[in-house]
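Structural description and commentary
Take a look at the letters that make up each chain.
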Amino acid sequence: MSEKTNDIIICRCEEITLGEIREWIAKGYETFDELKRVLRVGMGPCQGRGCREMILREIAAKTGKPVADIHPGTFRPPAKPVKLAVLAEGGDK
Amino acid sequence: MRQTEVLVIGGGPAGLSAALEAASLGCDVTLVDSDLALGGQLIKQTHKFFGSKEERAGTRGFKISEMLLEELHGYKDKIKVHTNCTATGYYKEDGVISCVIGEEKYFRIQAKKIVMATGAQERLLPFPKNHLPGVYGAGAVQTLMNVYGVAPGEKVIMVGAGNIGLIVSYQLMQAGVEIAGIVEAMDKIGGYWVHAAKIRRMGVPIYLRHTIKEAIGDQIVKGAVIQEINDKFQPTGTEIKIDADIICMAVGLTPTCEILWQAGCKMIYVPQLCGHVAQRDMNMRTSHPDIWVAGDAAGIEEASAAMVEGRIAGVGVAKSLGHGNASEQAKRLEDYKGRIADLRGGEVGQKICQGLKVCTVNQWEV
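Let me sum up the structure you'll find in this document. (Residues numbered from 1 in each chain as written. Chains lettered and ligands numbered in written order. Predicted model: local features only at pLDDT ≥ 70, side-chain atom pairs only at ≥ 80, totals over all residues. Heavy atoms only, no water.)

1. Side note on the pairing of strand S10 (residues 178–184) of chain B
Residue and element names in this part refer to chain B. Judged by how many residues are buried, S10 sits mostly within the fold: 6 of 7 residues are covered. Inspection of the sheet shows strand S9 (residues 155–159) paired to S10 by 5 bridges, in the parallel sense. Within the sheet, the bridge partner assigned to Met158 lies in S10 and is Ile182. Once the chain exits S9 it traverses helix H4 (residues 163–174) before rejoining the sheet at S10, and the crossover so formed is right-handed. Of the strand pairs in this sheet, S10 and strand S11 (residues 206–208) are connected by 3 bridges, and their pairing is parallel. By the bridge assignment, Val183 is partnered in S11 with Tyr207. The parallel pair S10 and S11 is bridged by helix H5 (residues 193–201), and the resulting crossover is right-handed. (Buried < 20%, exposed > 50% of the residue type's maximum accessible area, 1.4 Å probe, protein only. Helix = DSSP H or I, 4+ residues; strand = E, 2+ residues; numbered from the N terminus. Pairing = 2+ DSSP bridges. Right-handed = clockwise from strand over helix to strand, strands pointing away.)

2. Details of a nonpolar patch on the surface
The grouping of Val147, Tyr148 and Val150 of chain B at the surface amounts to a nonpolar patch, some 280 Å² of accessible area in total. Mapped onto the secondary structure, Val150 of chain B falls in the loop between helix H3 (138–147) and S9. (Patch = residues over 30% accessible without salt bridge, like charges linked within 9 Å, V, L, I, M, F, W, Y side chains within 5 Å. Areas by Shrake-Rupley, 256 points an atom, 1.4 Å probe, with all protein chains shown as cover. Salt bridge = Lys/Arg side-chain N within 4 Å of Asp/Glu carboxyl O.)

3. Examining unusual backbone geometry
Here the bond from Pro77 of chain A into Pro78 of chain A is cis, since omega is -5°, no more than 30 degrees from zero. Looking at the secondary structure, you find Pro78 of chain A in the loop between helix H4 (52–63) and helix H5 (84–88). Non-glycine residue Arg40 of chain A carries a positive phi angle of around 70°. In this structure, Arg56 of chain B is a non-glycine residue whose phi angle is positive, near 65°. For Arg56 of chain B, the position within the fold is in the loop between strand S2 (29–32) and helix H2 (61–73). Taking the relative accessible area as the measure of exposure, Arg56 of chain B reaches 25% and is therefore partly exposed.

4. Here we look at the pattern of salt bridges
Residue and element names in this part refer to chain B. Counting across every chain of the model gives 25 salt bridges over all chains. A salt bridge links Asp243 to Lys241; its shortest N-O distance comes to 3.7 Å. Judged by relative accessible area, which is 60%, Lys241 ranks as exposed. Ionic pairing is found between Arg344 and Glu309, a salt bridge with its closest N-O pair at 2.9 Å. Taken as a pair, Arg344 in the loop between helix H8 (326–343) and helix H9 (347–359) and Glu309 in helix H7 (residues 303–320) lie far apart in primary sequence, 35 residues in all. Like Arg344, the residue Glu309 is buried in the burial classification. Beyond isolated ion pairs, a larger network of salt bridges with shared partners links Glu21, Glu71, Arg311, Glu328, Lys331 and Arg332.

Listed below in C-alpha cells is the structure:
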C-alpha cells in the first residue's frame, strides 16, 4: 500500500493512522478491543462513532473474515465525555 | 434521581411518534434529544416525501416535523421534553439512565420503559487527505444549507448516488452551488430514478463504478482524483482530476446503538439494515424486557417508516404498562402494521424485509 494511504487518519480524536492500524493487525491484534488497548482508537470524544466502522472493515479485509463476524468491541457508559466535576456533583435530585 | 414512566431517547421522527403514541394512550413520557431543536433529520429535509398518504407523502420533511411538534404541544402535560440533552449511559445494576444537558448539567433518570430512537450516524470513507477542511458529510451540508441558510462552498464533488446524494446535490444546485460530479462505486444509481433524472437533465455527470482516490489540496480542499473501479471495487487505472472546494460524502448511514449495547440487548449484524441492530419482536421490543427500539436505530430506512415504527413502539410500551384498553391497542397496532407493510411494498422495501426477517422474533420467551 502506498505511503499516502498509510497516512490516512482513521481515528481523528486520537490521531491514529491507517498505517498504524495495519501494522498492529499484522502483529495479530485482530479485534477492535485489542486495537483500542494498544492504539487508543475509539477512546476520544466521539467514542468510536467516526472510526469504528472503518476499522472493522479494515480488520475484515486483512483477516478475510466477514464484517458480520467481527465484534465491534465493548460499549460502556458514558457514550460521550462527561466532566468529572459534573459527575462529582452527583446530578440533580 | 428523576422518575418517569416512559423515557424516549431521541426526538426525531421515530422518537416523537413513539412519545406521542405512548402519551395518547395515557403514559407519562420524558423525551430527551441531544440536538438544540426537536425533529431530528426532518428539520433539514426540504424535499417532498414519497411513501404513502397516511405518512404524508407529498409533504416536505420540515413541514412533517412542524406537524409532529404541533401534536406534541397538545400533550404538554404528558410529555416532558429536554433538548440539548444526551443520554450517556445505561447502568445495568439498577436500569438507570444518565443524561447530560449541554456540558454542565447532569441527571439520572429511572424509567419503567425506554424507547431507543437514537437514529443513525454517517459513514465515512478513508482516502488520503480526507481530514482537509472542505470534506463534509451530507448531513452537515444539509444542516448548513437548509437549517442555517449557508452555502457550504462553490463547487461540490458528491460521493454517493443514493437518495441522500441525489437530493442534496439537487438542493445545492437550487442554492446556486455547482455540482462538479457525482461519484458512485456501484454500477447503478442507488436512489430513485426521478431524483437522478432531475440531476442528469441539468447536465451533472454521474460517474458510476468510480471511487474517490484522494483529495487534492494543502490547507483546504482544492479538488479530488477519482478513479474507475472493477466489480470487486479494485482500482483499474483510469483517473480523473476534478476541481472543487467541497467533497460531500453521502455513502450511507449506520444505526446508532451504543446504549442498546450497554444495556445488553441482543444485537445482530444485518447488512440490509446497514449495521448492527437490536433483535426485536413484532412490536419493536428488544430482548431487554423494558427496552424498545424504533427508527434508524432499528435499521436504516426512510423517515416515513421510522414514524410508523415509533407509533408501534409507543403502543407496545403503553400496552406493557397497562395503559389504554386492549381493543384500542389491537386496533392501532393492526392499522400501523398495515401502513408499514404498504411502505415496504416496493423494490427497496424488499431488501428491508429480508433484513427484518433476520432480526425479528415472533415473541420473546417469558
